[in-house]
Amino acid sequence: MDILLAEVRASGQAVTVRVNGDLSDARTLSAQHQRTVYRVIQEGLTNARKHAPSAAVTVDLGIEPEEAVTVAITNVMSPDGRDADGLGVGLTGLAERVAVDGGHLDHRIADGRFVLTARILWEP
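Residues numbered from 1 in each chain as written. Predicted model: local features only at pLDDT ≥ 70, side-chain atom pairs only at ≥ 80, totals over all residues. Heavy atoms only, no water.

Colleague: Quick rundown of the overall build of the chain? Include the residues and the values.
Modeller: Of the regular secondary structure elements, the chain holds four helices and five strands. The N-to-C order of helical and strand elements in the chain reads α-β-α-α-β-β-α-β-β. Expected size for 124 residues packed as a compact globule is a radius of gyration near 14 Å; at 14 Å, the chain falls within 12% of this value. On the principal axes, the C-alpha backbone points of the chain span a range of 40 × 25 × 25 Å. Across the 124 residues that make up the chain, the buried fraction comes to 40%. Across the chain, the fraction of contacts at a sequence separation of at least 24, relative to all contacts at a separation of at least 6, is 65%. Of the accessible surface of the chain, which amounts to about 6700 Å², a share of 52% is contributed by carbon and sulfur atoms. Placing the 12 positive and 17 negative side-chain charges of the chain at their respective mean positions leaves the two points 5 Å apart. (Helix = DSSP H or I, 4+ residues; strand = E, 2+ residues; numbered from the N terminus. Rg over C-alpha atoms; globule rule 2.2 N^0.38 Å. Buried < 20%, exposed > 50% of the residue type's maximum accessible area, 1.4 Å probe, protein only. Contact = heavy atoms within 4.5 Å. Areas by Shrake-Rupley, 256 points an atom, 1.4 Å probe, with all protein chains shown as cover. Lys, Arg positive; Asp, Glu negative; His and termini not counted. Charge placed at Lys NZ, Arg CZ, Asp CG, Glu CD.)

Colleague: Which residues make up the pairing of strand β4 (residues 104-110), and what values go with them?
Modeller: Pairing between β4 and strand β5 (residues 113-121): seven bridges, direction antiparallel. From the neighbouring strand, His-104 faces β5, where its bridge partner is Arg-119. Here β4 folds back onto β5, and the loop between the two strands holds two residues, one of which, Asp-111, carries a positive phi near 55°. (Pairing = 2+ DSSP bridges.)

Colleague: If you had to explain the pattern of salt bridges to someone new, which residues and values would you point to?
Modeller: Taken as a whole and judged by the stated rule, the model has four salt bridges. Residue Asp-60 is joined to Arg-18 by a salt bridge in which the shortest nitrogen-to-oxygen separation is 2.6 Å. Taken as a pair, Asp-60 in strand β2 (residues 57-64) and Arg-18 in strand β1 (residues 15-20) lie far apart in primary sequence, 42 residues in all. Assessed through its relative accessible area of 47%, Arg-18 is described here as partly exposed. (Salt bridge = Lys/Arg side-chain N within 4 Å of Asp/Glu carboxyl O.)

Colleague: Summarise the nonpolar core; cite the residues concerned and give the values.
Modeller: Counting 28 residues, the largest nonpolar core has Leu-45 and Val-71 as its most contacted members. In terms of residue count, helix α3 (residues 31-51) provides more of this core than any other element does, five residues in total. In this structure, Leu-45 is in contact with Leu-4, Leu-5, Val-8, Gln-13, Val-15, Val-57 and Val-59, ignoring residues within four places of it in sequence. (Core = buried A, V, L, I, M, F, W, Y, C linked by side-chain atoms within 4.5 Å.)

Laid out in structure tokens, this is it:
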């Protein structure tokens, strides 16, 4: 994830990552679950850069060992209207991927912010 964050920041996007839990616990997830968590973060950051390129992004990662990993990516909506163009199209496949891992993906607009949230169950 460090490489992904470095690339995003190098593009000029401000990203804040907040972790609730112990990252070392996340290493006990299966490789498939780890890839899904990574993919959710990657897609969320890509969408923020595409639809709201000047907006700062916050990534909240919650780790509940033996229960679930929660990822929430939040950014302020773009004032130039780009955020409505194609909204949700790229998220359909991501929702399917998260569901395969026993999780759920949600995206919504709340208080002028776009919020992408995934909850991925620990090993079933």
